[in-house]
Amino acid sequence: ETAVFQTPNYHVTQVGNEVSFNCKQTLGHDTMYWYKQDSKKLLKIMFSYNNKQLIVNETVPRRFSPQSSDKAHLNLRIKSVEPEDSAVYLCASRTDKNERLFFGHGTKLSVL
Amino acid sequence: QQQVRQSPQSLTVWEGETAILNCSYENSAFDYFPWYQQFPGEGPALLIAIRSVSDKKEDGRFTIFFNKREKKLSLHITDSQPGDSATYFCAASPYTGANTGKLTFGHGTILRVHP
């Protein structure tokens, strides 16, 4: 049963545009994440965030930024998309008591 | 630099056979090793996990064998079913005490089970 909700499912845009993806979790978890899954299916962490701390993977370009209104929501904004940003973006959450990650279904971004 | 490596890239077995998926890692600080299962159009879901203090973890048809000295582990799926057809990711994270949950994933193994 899905408890991490992502919108939209797909997004097609052009180079240079700004995009924003939404993520909401209904599990009452403390920490949320954004992962990028590339065309070869490799998953790489981009951000982890709880209400105390944002941890950024140092390889993430500065045009990416997470936005959180509360601990149940973590959105992702990309200021000016590049072709290499085409990927599936996966949101995940976990409780601080357990290492298990719960993933959403992902948002597939295509940059033309 | 890929710290978690998986092999094979893809694997095809017949229904009822045992599928063996391999994983190796480089970072000696890695302590926790989950396997995630991903179906097309969905996010990964935790299948089974092991800590480095154990050499085996079993859950139904799924078993992890872990060799700390060689930095290798494998996932065995016995009596494979067509519904097991998915991509399997080996992942690893260090024990940090603070439990940051930062996982390093392998590239995955695509498993196909033919009826």
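Above this text sits the structure in question.
The rules behind these values
Residues numbered from 1 in each chain as written. Chains lettered and ligands numbered in written order. Predicted model: local features only at pLDDT ≥ 70, side-chain atom pairs only at ≥ 80, totals over all residues. Heavy atoms only, no water. Helix = DSSP H or I, 4+ residues; strand = E, 2+ residues; numbered from the N terminus. Rg over C-alpha atoms; globule rule 2.2 N^0.38 Å. Buried < 20%, exposed > 50% of the residue type's maximum accessible area, 1.4 Å probe, protein only. Contact = heavy atoms within 4.5 Å. Areas by Shrake-Rupley, 256 points an atom, 1.4 Å probe, with all protein chains shown as cover. Buried area = accessible area lost by both parts, 1.4 Å probe. Salt bridge = Lys/Arg side-chain N within 4 Å of Asp/Glu carboxyl O. Polar contact = N/O pair within 3.5 Å; in protein donor to acceptor, adjacent residues only side chain to side chain. Pairing = 2+ DSSP bridges. Axes fitted to C-alpha atoms, helices over the stretch in contact; angles between N-to-C directions. Disulfide = S-S within 2.5 Å.

A.B. asks: Which residues make up the overall build of chain A, and what values go with them?
C.D. replies: Along the backbone of chain A there are 0 helices and 11 strands. Reading the secondary structure of chain A in the N-to-C direction produces β-β-β-β-β-β-β-β-β-β-β. Relative to the compact-globule value of 13 Å for 112 residues, chain A shows a C-alpha radius of gyration of 13 Å, a close match. Referenced to the eigenvectors of the C-alpha coordinate spread, the extents of chain A come out at roughly 40 × 30 × 25 Å. Across the 112 residues of chain A, 44% fall into the buried class. Here the contacts in chain A between residues at least 6 apart in sequence split such that 54% fall between residues at least 24 apart. For chain A, the exposed area adds up to about 6000 Å²; of that, 47% sits on carbon and sulfur atoms.

A.B. asks: Would you mind going over the interface of chain A and chain B in detail, with residue names and values included?
C.D. replies: Between chain A and chain B, the residue contacts involve 19 residues of the former and 21 residues of the latter. Approximately 1800 Å² of surface area, both sides summed, lies buried where chain A meets chain B, with 53% of it carried by carbon and sulfur atoms. Across the pair B:Arg51 and A:Glu99 runs a salt bridge whose closest N-O atoms are separated by 2.2 Å. Counting across the interface, chain A meets chain B through 5 residue pairs in polar contact (both at pLDDT 80 or more).

A.B. asks: Quick one: what's the story with the sheet that holds strand 6 (residues 56–59) of chain B, residue by residue and with numbers?
C.D. replies: All names here are of chain B. Judged by pairing direction, the sheet is antiparallel, and its 5 strands sit side by side in the order 1-3-8-7-6 without closing on themselves. Because the sheet does not close on itself, it has two edges, and the strands there are strand 1 (4–7) and strand 6. In this sheet, adjacent strand axes meet at a mean angle of 15° when their direction is disregarded. Where strand 1 and strand 3 (residues 19–25) come together, 4 bridges link them in antiparallel fashion. Looking at the pairing, valine 4 lines up with tyrosine 25 of strand 3.

A.B. asks: Which residues make up the sheet that holds strand 8 (residues 75–78) of chain A, and what values go with them?
C.D. replies: Residues and elements named next belong to chain A. Read from one edge to the other, the open sheet built from 4 strands follows the order 1-3-8-7, with strand pairing classed as antiparallel. Sheet topology places strand 1 (4–7) and strand 7 (64–67) at the edges, where each strand pairs with a single neighbour. On average, each strand axis in the sheet is tilted by 20° relative to the strand beside it, whichever way the strands run. Examined bridge by bridge, strand 7 and strand 8 share 4 bridges and lie antiparallel to one another. For phenylalanine 64, the partnering residue across the bridge sits in strand 8 and is isoleucine 78.

A.B. asks: Go over the state of the cysteines with me, naming the residues and quoting the values.
C.D. replies: When the sulfur atoms of two cysteines share a covalent bond, that bond is a disulfide. Residue and element names in this part refer to chain B. All chains considered together, the criterion is met by 2 disulfides over all chains. With a sulfur-sulfur separation of 2.0 Å, cysteine 23 is cross-linked through a disulfide to cysteine 90. In this structure, the disulfide formed by cysteine 23 and cysteine 90 twists by about -70° around the S-S bond and is classed as left-handed. One end of the pair, cysteine 23, is in strand 3; the other, cysteine 90, is in strand 9 (residues 86–94), and 67 residues separate them in sequence. Each member of the pair, cysteine 23 as well as cysteine 90, carries the same accessibility label: buried.

A.B. asks: Give a description of the pattern of salt bridges that names residues and reports values.
C.D. replies: All names here are of chain B. Scanning the model with the defined rule gives 10 salt bridges over all chains in all. Salt-bridge contacts for arginine 69 lead to glutamate 70; the nearest nitrogen and oxygen are separated by 3.3 Å. Arginine 69 gets classed as exposed once you look at its relative accessible area, which sits at 70%.

A.B. asks: Please give an account of unusual backbone geometry that cites residues and values.
C.D. replies: The omega torsion of the bond from A:Thr7 to A:Pro8 falls at -5°, within 30 degrees of zero and hence cis. Positionally, A:Pro8 belongs in the loop between strand 1 and strand 2 (10–13). At the junction of B:Ser7 and B:Pro8, the peptide bond is cis and its omega measures out at -10° in the coordinates. By the element assignment, B:Pro8 lies in the loop between strand 1 and strand 2 (10–14). We note that A:Lys41 has phi near 75°; this positive angle belongs to a residue other than glycine. The residue A:Lys41 is located in the loop between strand 4 (31–37) and strand 5 (43–49) in this model. Unusually for a residue other than glycine, B:Lys71 sits at a positive phi of about 55°. As for its placement among the helices and strands, B:Lys71 is situated in the loop between strand 7 (62–67) and strand 8 (72–77).

These figures come from the coordinates and say nothing about function on their own.
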